[in-house]
Amino acid sequence: MSDILYKVLIEKDRYLAYLEGFKTTLLLSFFSVLLGTAIGFVIAIIKYVTDHNKSQNAFKCTCNFIGNFICNAYIAVIRGTPVYVQMLIIYFVIFSNRETSPLLSGVVCFGINSSAYVAEIIRAGIEAVDGGQSEAGRSLGLSFLQTMIYIVIPQAIKNILPALGNEFIVLIKETAIVGNIAVLDVTKAAMNIGVATYNYLPPLLLAATIYFIVVMILTKLLRGFERRLAKSDRR
Amino acid sequence: MKRLITILLASLMVIFLASCGNGATETETKAPAGTEESVNTSGVLIMATEAGFAPYEYTEDGSTVVGVDVDIANEIAKAMGKELRIENMSFDGALLAVQQGKADFAAAGISVTEERAEVMDFSVEYTTSRQVIVVNKEAGVINSIDDLNADAVVGVQTGTVADFFVQDELESQLKQYSKFMEAAMDLKNNKIDCIIMDALPAEEMVKANEELAILEEEVFTDKYAIAVQKGNTEMLDAINEVLERLIAEGKIDEFIINHTTK
């Protein structure tokens, strides 16, 4: 046992590869989550607004239709294709410039992929807020934007957060395929070490443990945040 | 009706996006001169490889790629006065990267085949590889090439010559892996009957796994070369010059010995 651990971790400073890979995994996940949430939020808002605007103005109607259509098509295409295929296309076809770092391709790929799911999560969260809330806001003389910012979105966050946390957790684990486009993440480091030591299982188990610990920490954080938000709940 | 239009428009959009991608690659393949220039001005030489193929390319510490091909690449970089950067991806990914100009060259124990020569250019062949059969000692199902009938399950690495050999020449069932180590694990667990692969990495693999053995008989031999983007003659000439010098000096055999006797 200690012999295996020595071979997998200490010999030839192999722990450094895990650390480097771990750093890359964290960076990749963090920026993908940021990008995914940013794009997802924008799309969710556009979809919500275009779904609920019942203007009679012909120009506004067309704008709504086009905006809604683009968002729906984007979500359909991104959700309808596997992230691995998207990654290969983004790396080999779209970012075909040789100077583009593989890590950037990874961030863009996972960010875009995640944004489609995040958009649906946020939209559903906003729509779950009772319609009476925005009606009340508008009756009190707030504008549409003010109603959204001060009344609807704060309530929606409580609906959104658990599902969004779930999406982040999925995203962190999904990044494990990024080794295929020459990024050294934890999984790739583990595979390299598995090949070098001719013993595949221990490094992979170690990589699994690393992912597990990260996800556990994230789960704890999110639970704390949710509890904090639920402080004034009467339920 | 509305739904029909939506579906139609969505598919149009997909086609549009796809054609955008094609356009980009076309301009790239059409303008090798432009890419050559960018190669010249940039101080880095990018090599695409798959580091699961000791002694040609592998990692010792889990992150730095070393091996015979890396030694050769270092010589090429030195001759061109550039800094070498190694992109470690999957084998088929490395072949794609060089076609797309994502890498200057791919060195991953690549055999020259007609299909490959159509989409990329190859340097002079620098080493001969013997393709052998690796079996599980206890199983005893496969004892020669003749045993590779329709019942036999053969493991290969995706996109390698052995992969095409099994598909074209044999009737046996094929299992493709992205890494030989995965094939070796399945062979140890008797999930497959044998692996067809290069003799040198096979010897390394058998050295580390007592359960496995190599059959005496050779399946076929082929030669390895370095791949560059189609039409990139400047890079090709530079690589050929270095390779010819290394072959003349006997350096390549030296590299192989360095990486096999540890």
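This structure is a prediction, so every number in the text was calculated from the model and none was measured.

A.B. asks: Lay out the overall build of chain A with the relevant residues and their values.
C.D. replies: When helices and strands are counted, chain A shows 9 helices and 0 strands. Along chain A, helices (α) and strands (β) appear in the sequence α-α-α-α-α-α-α-α-α when read from the amino end. Rg of the C-alpha trace for chain A: 22 Å, well past the compact-globule value of 18 Å for 235 residues, more than 25% over. Based on the C-alpha atoms only, the size of chain A along its principal axes is roughly 70 × 45 × 25 Å. In chain A, which comprises 235 residues, the share counted as buried stands at 34%.

A.B. asks: Can you tell me about the overall build of chain B, naming the residues and giving the values?
C.D. replies: Assigned secondary structure in chain B consists of 10 helices and 11 strands. Counting only residues that meet the buried cut, chain B has 45% of its 262 residues in that class. A separation of at least 24 residues holds for 69% of the contacts in chain B among residues at least 6 apart in sequence.

A.B. asks: Any details on the packing of helix 5 (residues 102–127) of chain A against helix 7 (residues 144–174) of chain A? Residues and values, ideally.
C.D. replies: All names here are of chain A. It is at 8 Å that the axes of helix 5 and helix 7 come closest, and there the two elements cross at 150°. Our classification of the angle between helix 5 and helix 7 gives roughly antiparallel. As for how helix 5 packs across helix 7, the hand of that crossing is right-handed. On helix 7, the residues that touch Phe110, Ser114, Tyr117, Val118, Ile121, Ile122, Gly125 and Ile126 of helix 5 are Val152, Ala156, Asn159, Ile160, Ala163, Leu164, Glu167, Leu171 and Glu174. Taken together, the residues that form the contact of helix 5 with helix 7 break down as 12 nonpolar, 3 polar and 2 charged.

A.B. asks: Break down the domain arrangement of chain B for me, citing the residues and quoting the values.
C.D. replies: When the parts come together, some accessible area is lost, and that loss is often what is quoted as the size of the interface. Residue and element names in this part refer to chain B. Looking at chain B, the domain boundaries give domain 1 (32–128 + 223–260) and domain 2 (130–222). Here the C-alpha centroids of domain 1 and domain 2 sit 26 Å apart. Domain 1 puts 14 residues into the contact, and the matching count from domain 2 is 16 residues. For the side of domain 1 that touches domain 2, the elements supplying multiple residues, two or more each, are helix 4 (91–99) and strand 5 (105–111). Per element, the largest residue contribution to the side of domain 1 that touches domain 2 is 3 residues, and it comes from helix 4. Tallied by class, the residues present in the side of domain 1 that touches domain 2 amount to 5 nonpolar, 7 polar and 2 charged.

A.B. asks: Run through the interface of chain A and chain B, naming residues and quoting values.
C.D. replies: Contacts between the two partners involve 30 residues from chain A, matched on the other side by 33 residues from chain B. At the level of elements, helix 2 (15–52), helix 3 (58–80), helix 4 (83–94) and helix 8 (186–197) of chain A are the ones that each hand at least two residues to the side of chain A that touches chain B. With 7 residues, the top contributor of residues to the side of chain A that touches chain B is helix 8 of chain A. Here the residues of the side of chain A that touches chain B are counted per class, giving 21 nonpolar, 4 polar and 5 charged.

A.B. asks: Tell me about the nonpolar core, and name the residues and values.
C.D. replies: In terms of nonpolar packing, the biggest core is built from 121 residues, with Val98(B), Phe105(B), Ala106(B), Val134(B), Ile196(B), Ala227(B) and Ile239(B) touching the most fellow members. When residues in this core are grouped by element, the largest group, 11 residues, is from helix 5 of chain A. Lining this core are residues from two domains, each supplying at least three of them: domain 1 (32–128 + 223–260) and domain 2 (130–222) of chain B. Each residue touching Ile239(B), except ones within four places of it in the same chain, is listed here: Ile76(B), Phe105(B), Ser123(B), Ile226(B) and Val228(B).

A.B. asks: Please provide a residue-by-residue account of the packing of helix 2 of chain A against helix 7 of chain A, values included.
C.D. replies: Residue and element names in this part refer to chain A. At their nearest, the axes of helix 2 and helix 7 sit 10 Å apart, and the two run at 135° to each other. By the angle between their directions, the pair helix 2 and helix 7 is classed as oblique. For the pair helix 2 and helix 7, the crossing hand works out as right-handed. Contact with helix 2, carried on its side by Ser29, Ser32, Val33 and Gly36, involves Phe168, Leu171 and Ile172 of helix 7 and no other residues of that element. Grouping the constituent residues of the contact of helix 2 with helix 7 by class yields 4 nonpolar, 3 polar and no charged.

A.B. asks: Give me the confidence of the model for chain B: which residues, what numbers.
C.D. replies: Do not read the predicted coordinates in detail wherever pLDDT is low. All names here are of chain B. Per-residue confidence for chain B gives a mean pLDDT of 83; residues scoring 70 or more make up 84%. Mean pLDDT values over the elements of chain B span from 44, in helix 2 (residues 32–41), up to 95, in strand 6 (residues 120–122). Ignoring residues within four places in sequence, the model shows residues 19–40, a span with pLDDT below 50, making 22 contacts including any to other chains. Of the two predicted TM-score estimates for the complex, the pTM is 0.79 and the ipTM is 0.77.

A.B. asks: Can you explain unusual backbone geometry? Please cite residues and give values.
C.D. replies: Residue and element names in this part refer to chain A. Of note in this structure, lysine 12 is not a glycine but carries a positive phi near 55°. When you line up the elements, lysine 12 lands in the loop between helix 1 (2–10) and helix 2. According to the C-beta neighbour criterion, lysine 12 is partly exposed, with 16 such atoms within 10 Å. Unusually for a residue other than glycine, aspartate 13 sits at a positive phi of about 55°. Residue placement: aspartate 13 occurs in the loop between helix 1 and helix 2.

A.B. asks: Describe helix 3 of chain A, with residues and values.
C.D. replies: All names here are of chain A. Relative to the 33 Å expected for 23 residues at 1.5 Å per residue, helix 3 spans 32 Å between its end C-alpha atoms, a close match to the ideal helical length. Within the span of helix 3, buried status applies to Cys71, Tyr74 and Ile75. Those residues of helix 3 that are buried lie in contact with helix 2 and helix 5.

What counts and what doesn't
Every chain's residues receive numbers from 1 upward, in the order its sequence appears when written. Note on labels: chains are lettered from A, ligands numbered from 1, in written order. Given that the model is predicted, a residue must reach a pLDDT of at least 70 before its local features are reported, and side-chain atom pairs must reach 80 or more before they are shown or counted; all residues, however, enter totals for whole chains, interfaces and linings. Counting from the N terminus, the helices are DSSP H or I runs at least four residues long and the strands are E runs at least two residues long. As a reference, a globule follows 2.2 Å times the number of residues to the power 0.38, and the radius of gyration itself is taken over C-alpha atoms. Residues with at least 20 neighbouring C-beta atoms inside 10 Å of their own are called buried, those with 12 or fewer are called exposed, and the rest are partly exposed, where every C-beta is derived from the backbone. Once C-beta atoms are placed from the backbone, any two residues with those atoms within 7 Å are in contact. Convention adopted: a line fitted to C-alpha atoms gives each axis, helices being fitted over their contacting stretch, and angles between N-to-C directions are expressed from 0 to 180 degrees. For this classification, under 35 degrees means roughly parallel, over 145 means roughly antiparallel, 65 to 115 means roughly perpendicular, and everything else is oblique. Crossing handedness: left-handed means the near helix sits turned counterclockwise from the far one by under a right angle, and right-handed means the same turn made clockwise. Lys, Arg, Asp and Glu make up the charged group, whereas Ala, Val, Leu, Ile, Met, Phe, Trp, Tyr, Cys and Pro make up the nonpolar group; the residues left over, Gly among them, are polar. Each domain's extent is set by a domain assignment, obtained either automatically or from a database. For this entry, the nonpolar core is defined as buried Ala, Val, Leu, Ile, Met, Phe, Trp, Tyr and Cys residues connected by C-beta atoms within 7 Å. pLDDT gives the predictor's per-residue confidence on a scale running from 0 to 100. What a helix is expected to span follows from its residue count: subtract one and scale by 1.5 Å.

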